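Fold and geometry: a report
The primary structure of each chain is shown beneath.
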Amino acid sequence: MNKNNDHNKNNNSDNNVKNILEKVICGIKFKNPIITASGTFGYGLEFIRFMDLNLLGGIAIKGISLEPVEGNPMPRIVETSSGLLNAIGLQNVGVKAFVAEKLPILKSFDTNIIVNFWGKSIDEYLKVAEILDNTDGVDMLEMNISCPNIKDGGISFSSSPIATSEIVNKVRKVIRNKPLIVKLSPNVTDIKEYLKVVEQEGADSVSLINTLIGMAIDIHKFKPVLANKTGGLSGPAIKPVALRMVYEAFSTVKIPIIGMGGIMTGNDAAEFILAGADIVQVGTANFTDPSAAINISNELRDYMISKSFNSIDDFRGKAVI
Amino acid sequence: MKAKVIKNIQINDKYGYMVIESKELCASSEAGKFFMVSPRLNNETNSDPLINRAFAIADIFDDDTILFIYQIVGRVTSMLTTVQEGDYLNVVGALGKRFTICESKNVALVAGGAGIAPMIILGKKLRSNGNKVTLFYGGASKKDIIPTEILSTSYDNLEIATFDGSLGLKGLVTKLLLASSEKFDNVYTCGPTGMLSAVVKAVSSIDENIDIEVSMEAKMGCGVGACLGCLIPTIDKDGTVVNRRCCVEGPIFDGKTISFERLV
């Protein structure tokens, strides 16, 4: 956290012009409220060729587990109307290889590194959380209790408010150094119940929404397109659902809200902030344009200037108060 | 990045080709690489269709224009037929690995349908490196064989096969390869996965020592290695199966390492 404040301080001393996009949550300064979403930006390194990572507010790393995970069989992705359905199955290199091979390069960039993590059991959650909490260069932790694509991939921990309460309580106790974000599933009847318990158990922030469970059928082969049968739907198709849930979060919890779901433009990002998000994540848009997050940040600034907003807080929740 | 459309020609109801201008795209382009085309033209922001489509680089002219061939199969490729001269495509690339270019060898290129695209630039490059190039080109029907003027100077010999016999030999392109009296040192192939599998088998039946590179196809979500949606099962020397990303570790692979039976 200290490292973070230091380099941001340096960054802002360049000139006296106020950076209207700057936003602080959980004591972490973001130069703009745009984070690339977990699972859509690899380990960040894949994108170095296409953009200056220093221009990002933050990078949420693809979900990391204790051991490497191979993921689901192919086919894993299929396009649907204004959306992408995926069942990757949380493929990742495991925490050891991430810390040894990916993080040293990521650390050299002046952006916040948010590591998304998950486990197949409570014990695995605790072990990977503890390692990341004590790893230099990791700025925040984002706990995934909501991946729809693997049997034990955390969905069971978001299947009831009680299960969510239990896992957040335990993980909270082992995370002592970094802010803890809990990423919530939209695949529930009443997300407000989950928001309440997550806040009660001491999460520093919530991020929402993860993908919506969906399906596509191949009418010629008479079977689901995805080998996993079902997958997580992302992209503009889910934006109205995501906005509604961010609005519900805004009216339910006091901790900072990280909103996401189908953001493709600066105007989309503005909608999320107007619905109550402090910061947003950009996901599927990274696939359609590898430099999307930076364009969205610039477009958001243009929007703010056009409305004479001097900070994110000037319009956060403005549409729903 | 934006690429200006110089020419967009529909060959027939199944195929079209486009010449686009982008110095930046050309700078990273090589035989075997591909690029992604957004379904959003110019400054459009429509979200349906959403995902970019991958196209092989078919040829480069004057370091600033690129030829690509599209097969009209779905919504995005149908949309491409309506693109006008002067429009801008939004593209990402060039992406992926290139073919290995051998020197002074007897080389066979085996192409099926739209798989002809990367063979054009490859054949030209191979010929400029002193190789003798025979192009075996197959398709379902006459319509699937694009006009030879687009093939340019990519081959020394051209042999055509169509499944219905409407052009060239009647039958599969592998039949041409197996019947050839030439003794090839290297084979390069691009086409439907079933054909690639057959070509790899045919080549190893001729001689196990012939090097064969294949250009694999997979549905891609991003093209840059992030989505993990385009994995190709490969077999390492020690026999372990390793899934490799078609977009980053491919699309060009050593044909002998592909586990075709694991491909859906």
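Residues numbered from 1 in each chain as written. Chains lettered and ligands numbered in written order. Predicted model: local features only at pLDDT ≥ 70, side-chain atom pairs only at ≥ 80, totals over all residues.

Looking only at helices and strands, one finds nine helices and 16 strands in chain A. Taken over C-alpha atoms, the radius of gyration comes to 18 Å for chain A, in line with the 20 Å a tight globule of 321 residues would show. Taken along the three principal axes of its C-alpha coordinates, chain A extends 60 × 40 × 40 Å. Per-residue burial over chain A gives 54% buried out of 321 residues. (Helix = DSSP H or I, 4+ residues; strand = E, 2+ residues; numbered from the N terminus. Rg over C-alpha atoms; globule rule 2.2 N^0.38 Å. Buried ≥ 20, exposed ≤ 12 C-beta atoms within 10 Å, placed from the backbone.)

Attention now goes to the interface of chain B and chain A. Listed by partner, the interface residues are 20 residues for chain B and 27 residues for chain A. Per-class residue counts for the side of chain B that touches chain A are 11 nonpolar, seven polar and two charged. (Contact = placed C-beta atoms within 7 Å. Nonpolar A, V, L, I, M, F, W, Y, C, P; charged D, E, K, R; others polar.)

Okay, the nonpolar core next. Leu141(A), Val206(A), Val246(A), Val280(A), Phe35(B), Phe68(B) and Leu109(B) are the most contacted members of the largest nonpolar core, which has 180 residues in total. In terms of residue count, helix H6 (residues 239–250) of chain A provides more of this core than any other element does, seven residues in total. Viewed by domain, this core spans two of them, domain 1 (2–95) and domain 2 (106–262) of chain B, each represented by three or more residues. (Core = buried A, V, L, I, M, F, W, Y, C linked by C-beta atoms within 7 Å. Domains from an automatic or database assignment.)

All names here are of chain A. For strand S7 (residues 112–117), a buried count of six out of six residues is recorded, marking the element as mostly surrounded by other parts of the structure. Side chains of S7 alternate between two faces, with Asn112, Ile114 and Asn116 and Ile113, Val115 and Phe117 buried alike. Bridge count between strand S4 (residues 58–64) and S7: five bridges; the pairing is parallel. Bridge assignment links Ile61 to a residue of S7, and that residue is Val115. Note that S7 and strand S8 (residues 140–144) share four bridges and pair parallel. (Pairing = 2+ DSSP bridges.)

Right, let's get into the confidence of the model for chain A. A residue-level look at chain A finds 92% of positions with pLDDT of 70 or above and a mean pLDDT of 93. Across residues 1–13 of chain A the pLDDT falls below 50, and counting only partners more than four positions away or on other chains, this stretch makes 15 contacts in the model. (pLDDT = per-residue confidence, 0-100.)

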